[in-house]
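The primary structure of each chain is shown beneath.
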Amino acid sequence: MKRVYNFSAGPSMLPLSVLEKCAEEMVCYGESGMSVMEMSHRSPVYEEIIAGTEALLREVMNIPENYKVLFMQGGASTQFSAVPLNLMTGSGKADYVVSGQFSKKAFQEAKKYGDVVCVASSEDKNNSYIPVFKKEDIRPDADYVHVCFNNTIYGTKYYYIPDTGDIPLVADMSSCILSEPVDVTKFGMIYAGAQKNMAPAGLTVVIIREDLLGKERDITPVMLNYKIIADNASMYNTPPCYPIYVCKLVLEWIKDMGGLEVMKEKNVKKAKVLYDYLDSQDYYIAPVEKQSRSMMNVTFVTGDADLDKKFAKEADALGFKNIKGHRSVGGMRASIYNAMPYEGVADLVEFMKKFAKENPKG
Ligand SMILES: *Cc1c(COP(=O)(O)O)cnc(C)c1O
């Protein structure tokens with residue numbers, strides 16, 4: 001069967017060459033005589049894989065020496081608890097920006113552990129923009145400020161890095177990590193569930209400044225304790241071995257292409273075809289404010305729930321899969337992560353034009 005264009009928000013497309021390499025090495029990895037899935041995580045051959053993955057991530061993202069890279073499990077959602085358990089331990093206060101569903105979940109989870117307030121929100125307009133906040137809006141004794149850098153469901157992203165002064169900025173980058181260069185030094189911590197842009201589900205990557213380690217509460221579960229994971233080089237217990245290996249292949253793919261600057265150019269070009277088309281017509285409506293538009297998740301609606309349904313159904317039959325929007329926005333969402341080729345987006349736009357012509361609104 002032919003491969004489809006998979007617009008899923010996550011788990012999502014992986015580069016075809018990566019999948020092919022996985023297939024090639026599936027049964028026998030190198031000279032090991034076994035699959036990566038079967039090997040001891042303590043074996044020299046696996047040690048090389050995990051160390052190589054970290055080294056590549058550091059190189060591709062330009063992660064400074066004073067940051068640790070942790071390979072964890074439990075998805076980004078587990079970090080919603082891990083972050084306060086590790087970091088909300090000075091004043092016991094943390095400030096959150098609520099700009100979508102995941103940041104709201106992070107905010108609600110953190111409230112269990114201390115004095116947590118929402119300093120900015122975009123809920124007044126169904127999260128169709130990134131709320132702006134200033135340093136003065138943050139409590140001066142907050143232990144950290146939490147933001148979600150790309151809102152997967154609503155299709156918004158930050159185009160600037162909020163200035164939080166000396167207060168560590170913690171960012172959920174699950175759906176935008178590796179899509180463009182970011183200045184890691186502006187963050188205290190970055191985390192991401194891998195299944196959008198890095199690897200299959202099962203791996204969660206944490207990038208954390210060293211001085212933030214060792215501040216955890218006494219009750220912090222061992223498996224959520226950043227210091228313990230860091231001190232054990234992500235091998236306190238069995239790490240998610242296979243997703244880490246796939247992550248390494250994805251990083252090699254990005255590096256071979258020229259790194260994150262090139263990745264960004266490709267992503268900008270891809271998103272532009274779709275947004276340019278959306279701006280050129282009035283059949284489809286793009287609900288997100290222009291200055292907050294995500295490069296990774298593009299949302300649009302026809303304004304008619306029946307037409308939206310018909311669109312998703314016809315698109316699916318033509319091989320544009322998983323284009324139905326999240327129920328909180330309705331309509332459609334095209335998730336166009338790194339692995340989505342330009343042709344996938346260009347073909348989608350052609351289909352959108354055809355659909356609009358064939359289905360005039362009443
Ligand atoms: C998908 C996603 C999550 C949830 O990730 P899990 O790994 O399923 O817990 C959290 N935040 C963002 C921004 C996401 O895109």
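As a convention, each chain's residues are numbered from 1 in the sequence order in which they are written. Under the rules for a predicted model, residues below a pLDDT of 70 receive no local features and side-chain atom pairs below 80 are neither given nor counted, while totals for whole chains, interfaces and linings still include all residues. The side-chain quantities take in all heavy atoms of the structure and omit both hydrogens and water.

Chemist: Explanation requested: the overall build of the protein in the structure shown.
Modeler: Counting its secondary structure elements, the protein contains nine helices and 13 strands. Projected onto its principal axes, the C-alpha coordinates of the protein cover approximately 65 × 55 × 30 Å. Buried, partly exposed and exposed residues are distinguished by accessible area as a fraction of the type maximum, computed with a 1.4 Å probe on protein chains only: under 20%, between the cut-offs, and over 50%, respectively. Going through the 362 residues of the protein one by one, you find that 56% of them count as buried. When the accessible surface of the protein is totalled, it reaches about 15,700 Å², and 52% of it is carbon and sulfur. Secondary structure elements follow DSSP: runs of H or I no shorter than four residues count as helices, runs of E no shorter than two count as strands, and numbering proceeds from the N terminus. In short, Shrake-Rupley with a 1.4 Å probe defines the accessible areas, and a residue's cover is counted only from the protein chains shown.

Chemist: Which parts of the structure should I look at to understand the packing of helix α2 (residues 44–61) against helix α6 (residues 241–257)?
Modeler: Helix-helix packing is characterised by the crossing angle of the two axes and by the distance between the axes. Contact geometry of α2 with α6 gives a least axis separation of 9 Å together with a crossing angle of 40°. By the angle class used here, α2 and α6 are oblique. Note on packing geometry: the crossing formed by α2 with α6 is left-handed. Mapping the contact onto sequence places Tyr-46, Ile-49, Ile-50, Gly-52, Thr-53, Leu-56, Leu-57, Glu-59 and Val-60 in α2 and Cys-241, Ile-244, Tyr-245, Cys-247, Lys-248, Leu-251, Glu-252, Ile-254 and Lys-255 in α6. Under the convention adopted here, Pro, Cys and the residues Ala, Val, Leu, Ile, Met, Phe, Trp and Tyr are nonpolar, Asp, Glu, Lys and Arg are charged, and Gly plus all remaining residues are polar. Classifying every residue of the contact of α2 with α6 by side-chain character gives twelve nonpolar, two polar and four charged. Axis lines are fitted to C-alpha atoms, over the contacting stretch for helices. Their N-to-C directions set the angle, which ranges from 0 to 180 degrees. Roughly parallel refers to an angle under 35 degrees, roughly antiparallel to one over 145, roughly perpendicular to one between 65 and 115, and oblique to any angle outside these ranges. Take the far helix as the reference: if the near one is turned anticlockwise from it by less than a right angle, the crossing is left-handed, and if turned clockwise, right-handed. Contact between two residues is taken to exist if any of their heavy atoms lie within 4.5 Å; hydrogens are not considered.

Chemist: I'm lost on the site of the ligand in this one. Help?
Modeler: For each residue, the test is whether any non-hydrogen atom lies within 4 Å of the molecule or strand; if one does, the residue is near. Close contacts around the ligand come from 13 residues, with Ser-77, Thr-152, Asp-172, Gln-195 and Lys-196 the closest. Counted as a polar contact is a pair of N or O atoms within 3.5 Å, where, for protein atoms, one must be capable of donating a hydrogen and the other of accepting one, and residues adjacent in sequence contribute only when both atoms are in side chains. A distance of 3.0 Å is found between an oxygen atom of the ligand and a backbone nitrogen or oxygen belonging to Ala-76. Within the side chain of Ser-77, a nitrogen or oxygen atom sits 2.6 Å from an oxygen atom of the ligand. For the ligand, whose unbound accessible area comes to 380 Å², protein coverage reaches 86%. The leading source of residues in the shell around the ligand is helix α3 (residues 75–87), at four residues. Residues of the shell around the ligand, tallied by class, amount to four nonpolar, seven polar and two charged.

Chemist: Which parts of the structure should I look at to understand the pairing of strand β10 (residues 204–209)?
Modeler: With six of six residues buried, β10 is to be regarded as a mostly interior element. Here, strands pair whenever DSSP counts at least two bridges between them. Pairing of strand β2 (residues 67–72) with β10, which is carried by six bridges, proceeds in the antiparallel orientation. Bridging across to β10, Leu-70 finds its partner in Val-206. As paired elements, strand β9 (residues 189–193) and β10 share five bridges and run antiparallel to each other. Bridge pairing links Gly-193 to Thr-204 in β10.

Chemist: How should I be thinking about the packing of helix α8 (residues 305–317) against helix α9 (residues 342–358) in this particular structure?
Modeler: The contact between α8 and α9 brings their axes to 11 Å, and the two run at 130°. Viewed along their axes, α8 and α9 adopt a mutual orientation that is oblique. Between α8 and α9 lies a crossing of right-handed hand. Contacts between α8 and α9 involve Leu-307, Lys-310, Phe-311, Glu-314 and Ala-315 from the first element and Leu-348, Phe-351, Met-352 and Phe-355 from the second. Counted by class, the contact of α8 with α9 contains seven nonpolar, no polar and two charged residues.

Chemist: Is there a simple way to explain α6 in this structure?
Modeler: An α-helix turns once per 3.6 residues; consequently, residues spaced three or four apart project the same way. For a helix, the expected span equals 1.5 Å multiplied by the number of residues minus one. Relative to the 24 Å expected for 17 residues at 1.5 Å per residue, α6 spans 25 Å between its end C-alpha atoms, a close match to the ideal helical length. Every buried residue belonging to α6 is among Cys-241, Tyr-242, Pro-243, Ile-244, Tyr-245, Val-246, Cys-247, Lys-248, Leu-249, Val-250, Leu-251 and Ile-254, and all of these are buried. Positive phi shows up at Gly-258, right after α6, with a value of about 125°.

Chemist: Please explain the nonpolar core as it appears in this structure.
Modeler: Within soluble globular proteins, side chains that are nonpolar tend to cluster in buried spots. Among the buried residues, those of types Ala, Val, Leu, Ile, Met, Phe, Trp, Tyr and Cys that are joined through side-chain atoms within 4.5 Å form a nonpolar core. With 91 residues, the main nonpolar core has Leu-178, Met-198, Tyr-284, Phe-311 and Leu-348 as its most contacted residues. It is α6 that provides the largest number of residues to this core, a total of ten residues. Setting aside anything within four residues of it in sequence, one finds Leu-348 in contact with Phe-7, Leu-274, Phe-311, Phe-320, Ile-323 and Ala-334. Counting 29 residues, the second largest nonpolar core, distinct from the first, contains Leu-70, Ala-82, Val-170 and Ile-208.

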